[in-house]
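Each chain is listed here by its residues.
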Amino acid sequence: MLGILRKRTSGDELERLVREQTDNMFRFAFFRTGDRSTAEDIVQDTLLSVCRQNNRPTEPEKLKSYVFRALSNRCRDVIRKHRTDTEPLTCRMAEKTEEDNDNERSAMEEYARIERVLGEIPDEQAETIRMHVIDGLKFTEIADITETPVTTVKSRFKYGIEKIKERMNNRKNN
């Protein structure tokens with residue numbers, strides 16, 4: 001992959017981004033799809049697509065936001081396709097968990113727990129929390145990726161966390 005990047009880029013920014021962010025990109029895709037091989041495919045497809053584009057940003061932060069926005073869009077497309085064409089991802093994850101090793105099973109259980117909690121709040125808030133907590137993105141990066149004002153991103157995060165806390169407290173009291 002890095003060889004392809006060297007041939008297609010005039011600078012080293014995209015290559016550096018790939019070296020530094022591949023694990024984060026995989027985690028980003030995995031926590032949206034719940035499937036290891038799908039996440040790997042999405043990351044590879046996204047990076048190849050970005051490599052082929054001549055009009056991508058050259059500044060490091062803008063390039064990172066651009067790549068993560070493309071990754072987010074690709075994840076959304078794959079999830080949408082699986083929801084309409086095939087069985088739900090959660091069913092595929094349950095089947096896969098029986099076959100996989102302990103590390104994979106642990107990751108799947110963590111994914112299911114997180115998705116269950118985030119599934120109880122609005123999608124925009126859940127996605128903002130994923131991007132900030134799971135993916136480790138800054139609010140400004142999330143704003144660039146989602147093309148939303150930073151204040152809106154911060155509000156979504158705050159209200160989402162408040163709703164999660166409220167629901168957890170209600171469960172403890174019941």
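Residues numbered from 1 in each chain as written. Predicted model: local features only at pLDDT ≥ 70, side-chain atom pairs only at ≥ 80, totals over all residues. Heavy atoms only, no water.

Here the focus is the pattern of salt bridges. One pass over the full model with this rule turns up 12 salt bridges. Note that Arg16 and Glu13 form a salt bridge whose closest N and O atoms lie 2.7 Å from each other. Here Arg16 pairs with Glu13, and both are found in helix 2 (residues 13-33), just 3 residues apart, close to one helical turn. Arg69 is the partner of Glu147 in a salt bridge, and the nearest nitrogen-oxygen pair spans 3.8 Å. Taken together, the residues Glu147 in the loop between helix 8 (139-146) and helix 9 (150-173) and Arg69 in helix 4 (residues 60-85) connect sequence positions 78 residues apart. What makes Glu147 exposed here is its relative accessible area of 63%. On the accessibility criterion, Arg69 (22% relative accessible area) is partly exposed. Among the charged side chains, a salt-bridge network with shared partners connects Arg32, Glu115, Glu127, Arg130 and Asp135. (Salt bridge = Lys/Arg side-chain N within 4 Å of Asp/Glu carboxyl O. Helix = DSSP H or I, 4+ residues; strand = E, 2+ residues; numbered from the N terminus. Buried < 20%, exposed > 50% of the residue type's maximum accessible area, 1.4 Å probe, protein only.)

Let's shift gears to the packing of aromatic side chains. Counted under the stated rule, the structure contains 4 aromatic pairs. With a centroid separation of 6.0 Å and an interplanar angle of 25°, the aromatic rings of Phe26 and Phe30 are classed as stacked. Of this pair, Phe26 and Phe30 both sit in helix 2, 4 residues apart, roughly one helical turn. For the pair Phe30 and Phe31, a centre-to-centre distance of 5.5 Å together with 85° between the ring planes defines the contact as edge-to-face. The exposure class assigned to Phe31 is buried, which follows from its relative accessible area of 8%. Three or more aromatic residues link up through ring pairs in this structure, and these residues are Phe26, Phe30 and Phe31. Here the basic side chain of Arg32 rests over the ring of Phe28, its NZ or CZ set 3.5 Å away from the ring centre. (Phe/Tyr/Trp six-rings, centres within 6.5 Å; stacked < 30°, edge-to-face > 60°. Lys NZ or Arg CZ within 6 Å of the ring centre and 35° of its normal.)

Right, let's get into helix 2. At Gln21, helix 2 shows its strongest bend, of approximately 65°. Note on helix 2: the residue one or two positions beyond its end, Gly34, has a positive phi of about 75°. (Bend = angle between axes of the 7 residues up to and from the residue.)

Positionally, Thr148 belongs in the loop between helix 8 and helix 9. You can call Thr148 buried: its relative accessible area is 15%. Separated by 3.0 Å, the side chains of Thr148 and Thr146 make a polar contact. Dropping the residues within four chain positions of it, Thr148 is found in contact with Ala143, Val153 and Arg156. (Polar contact = N/O pair within 3.5 Å; in protein donor to acceptor, adjacent residues only side chain to side chain. Contact = heavy atoms within 4.5 Å.)

Now for the nonpolar core. Counting residues in hydrophobic clusters, the biggest one holds 37 residues, and the most contacted among them are Val67 and Leu71. Mapped onto this core, the elements with two or more residues apiece are helix 2, helix 3 (36-52), helix 4, helix 6 (102-118), helix 7 (123-134), helix 8 and helix 9. Sorting elements by how many residues they give to this core places helix 2 first, with 8 residues. (Core = buried A, V, L, I, M, F, W, Y, C linked by side-chain atoms within 4.5 Å.)

A few words on the packing of helix 7 against helix 9. Remark: helix 7 packs on helix 9, axes separated minimally by 8 Å, with the N-to-C direction vectors making an angle of 100°. With respect to helix 9, the axis of helix 7 lies roughly perpendicular. For the pair formed by helix 7 and helix 9, the contact residues are Glu124, Gln125, Thr128, Ile129, His132 and Val133 on the first element and Val153, Arg156, Phe157, Tyr159, Gly160, Ile161, Lys163 and Ile164 on the second. Split by residue class, the contact of helix 7 with helix 9 holds 7 nonpolar, 4 polar and 3 charged. (Axes fitted to C-alpha atoms, helices over the stretch in contact; angles between N-to-C directions. Parallel < 35°, antiparallel > 145°, perpendicular 65-115°, else oblique. Nonpolar A, V, L, I, M, F, W, Y, C, P; charged D, E, K, R; others polar.)

Turning our attention to the side chain of Arg130. Tracing the sequence through the fold places Arg130 in helix 7. Of the residues examined, Arg130 reaches a relative accessible area of 11% and is grouped as buried.

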